[in-house]
Amino acid sequence: GKALSGSRPSPAVSDVPRKSTVFLPDATVADVVAEPSAELVSFVGVAAERCVLAPLSPPHASSTPHSATALAPLRDLMLEARQLTKEYRSGDHTLAVLRDVNFTIPDGGFVAIVGPSGSGKTTLLGLLAGLDVPTHGSVWLDGADLTRLSEDKRAQLRGAKVGFVFQSFQLIPTLTALENVQVPLELRGDDGAPARARELLTRVGLGDRVHHYPNQLSGGEQQRVAIARAFSNAPRLLFADEPTGNLDSETGERIVELLLTLNRESGTTIVLVTHDLALARRAQRVIRLADGVVVSDGPTDLSLRPVVSSLAG
């Protein structure tokens, strides 16, 4: 819990509960220590899809040079999925949760991933964020091939470039709003953590609620704290998993506007997983999954909105 080697724990970090035990399939202690405020429960959603299925062994990370066919992505791409496949084995049977998924997301884009329950959205999010590894294929994040990085290196990359927002907020209940936002900053050894956290909370409209605990905040306010925390490391890429799922429509709309504003002002690439069709329509582009494959991928213009609306059924 120390910000830097040889230093004393920072105040917010010292108050983080230490006896909370969560089972993280395929995760490592390095991931938890490197990113406790954002990813402590990030595999819970993935685990729900896995049930008792055992993942098939993926290709191991290698330090060998890329082959001539493993071309690096263009510089203006933030995220790329190449022939992404994820399979699990149950007894003698193999279940393909994702099959040959291919797409690119430009730097600064706002993309929604939609699909019915069981379509593979949560699994895809875990792969794109480097929380899990594919059975086949690769994921490139800001020019780095995640499938060639060790778990520690993937954790370091996420800590430097990625933010997360979850449906259930994942705030630490014993810390104030200010302290929740401070935690990732202090773990990085940021001497200006309190001032930076206060600035972020003011930016999301909570400048007068910084000393309130999560149970003293409404659902919308808690989600705004979570968004401020996600932006504490100035991420190049933000993954938002059902960010309006626990909110009423009016509060959800305010969260949408906040995400759009942050996307425009900070240039942060946003990848949104949602069942909220109104939220999906606000994205620049919609990728639709069904049965583990991409069935449509295009800009959210009038010609494609009927396709998005069909998800309501």
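Here the structure is a predicted model, which means the values were calculated and not measured. (Residues numbered from 1 in each chain as written. Predicted model: local features only at pLDDT ≥ 70, side-chain atom pairs only at ≥ 80, totals over all residues. Heavy atoms only, no water.)

Time to look at the overall build of the protein. For the protein, the count of helices and strands is 12 helices and 11 strands. Looking at the protein residue by residue over its 313 residues, the buried ones come to 48%. Sequence-distant contacts in the protein: of pairs separated by 6 or more residues, those separated by 24 or more amount to 72%. Put simply, the protein shows about 14,700 Å² of open surface, and 53% of that area lies on carbon and sulfur atoms. (Helix = DSSP H or I, 4+ residues; strand = E, 2+ residues; numbered from the N terminus. Buried < 20%, exposed > 50% of the residue type's maximum accessible area, 1.4 Å probe, protein only. Contact = heavy atoms within 4.5 Å. Areas by Shrake-Rupley, 256 points an atom, 1.4 Å probe, with all protein chains shown as cover.)

Further remarks concern the confidence of the model for the protein. In low-pLDDT regions, the fine details of the predicted coordinates are not to be read closely. Counting all residues, the mean pLDDT for the protein is 78, and 72% of those residues have values of 70 or more. The model gives residues 1-8 a pLDDT under 50, and that stretch makes 11 contacts with residues more than four places away or in other chains. Taken together, the stretch residues 19-57 has pLDDT below 50 and engages in 65 contacts with residues farther than four places along the chain or on a different chain. (pLDDT = per-residue confidence, 0-100.)

Let us now look at the pattern of salt bridges. Taken as a whole, this structure holds 13 salt bridges when the rule is applied. With its nearest N and O atoms 2.8 Å apart, the salt bridge here joins Lys161 to Asp142. Remark: Asp142 occurs in the loop between strand S5 (136-141) and strand S6 (144-145) and Lys161 occurs in helix H6 (residues 151-161); sequence separation between them is 19 residues. Owing to a relative accessible area of 22%, Lys161 belongs among the partly exposed residues under this scheme. (Salt bridge = Lys/Arg side-chain N within 4 Å of Asp/Glu carboxyl O.)

Residue Asp100 is not a glycine yet carries a positive backbone phi of 50°. For Asp100, the position within the fold is in strand S3 (residues 93-106). For Asp100, a relative accessible area of 49% translates into the label partly exposed. Even without being a glycine, Asp142 presents a positive backbone phi close to 50°.

Right, let's get into the pairing of strand S11 (residues 293-299). One ladder, built from 6 bridges, connects strand S10 (residues 285-290) with S11; its direction is antiparallel. Bridged to Leu289 within S11 is Val294. Between S10 and S11, which pair antiparallel and follow one another directly, the connecting turn spans 2 residues, one of which, Asp291, has a positive phi of 55°. (Pairing = 2+ DSSP bridges.)

What the rule picks out here adds up to 2 aromatic pairs. Seen from their ring centres, Phe164 and Phe166 are 6.1 Å apart, and the 5° between their planes marks the pair as stacked. An aromatic cluster of at least three residues, connected via ring pairs, comprises Phe164, Phe166 and Phe239. (Phe/Tyr/Trp six-rings, centres within 6.5 Å; stacked < 30°, edge-to-face > 60°.)

Here we come to the pairing of S5. The pairing of strand S2 (residues 77-90) with S5 spans 5 bridges and is classified as antiparallel. Bridge assignment links Thr85 to a residue of S5, and that residue is His136. Judged from the 2 bridges that link them, S5 and S6 form a sheet pairing that is antiparallel. Within S6, the residue paired with Leu141 across the bridge is Ala144. Hairpin connection of S5 to S6: 2 residues between the antiparallel strands, including Asp142 at a positive phi of 50°.

Turning to the sheet that holds strand S7 (residues 162-166), a few remarks are in order. Read from one edge to the other, the open sheet built from 6 strands follows the order S7-S8-S9-S4-S10-S11, with strand pairing classed as mixed. The outermost strands of the open sheet, each flanked by one partner alone, are S7 and S11. Going from strand to strand, the sheet's axes swing by 15° on average, the running direction of each strand aside. Examined bridge by bridge, strand S4 (residues 110-114) and strand S9 (residues 269-273) share 4 bridges and lie parallel to one another. Residue pairing in the sheet places Ile113 in a bridge with Val273 of S9. Each of S4, strand S8 (237-241), S9 and S10 is contacted by helix H5 (residues 121-128), which is oriented at about 140° to S4, the strand it contacts most. (Axes fitted to C-alpha atoms, helices over the stretch in contact; angles between N-to-C directions.)

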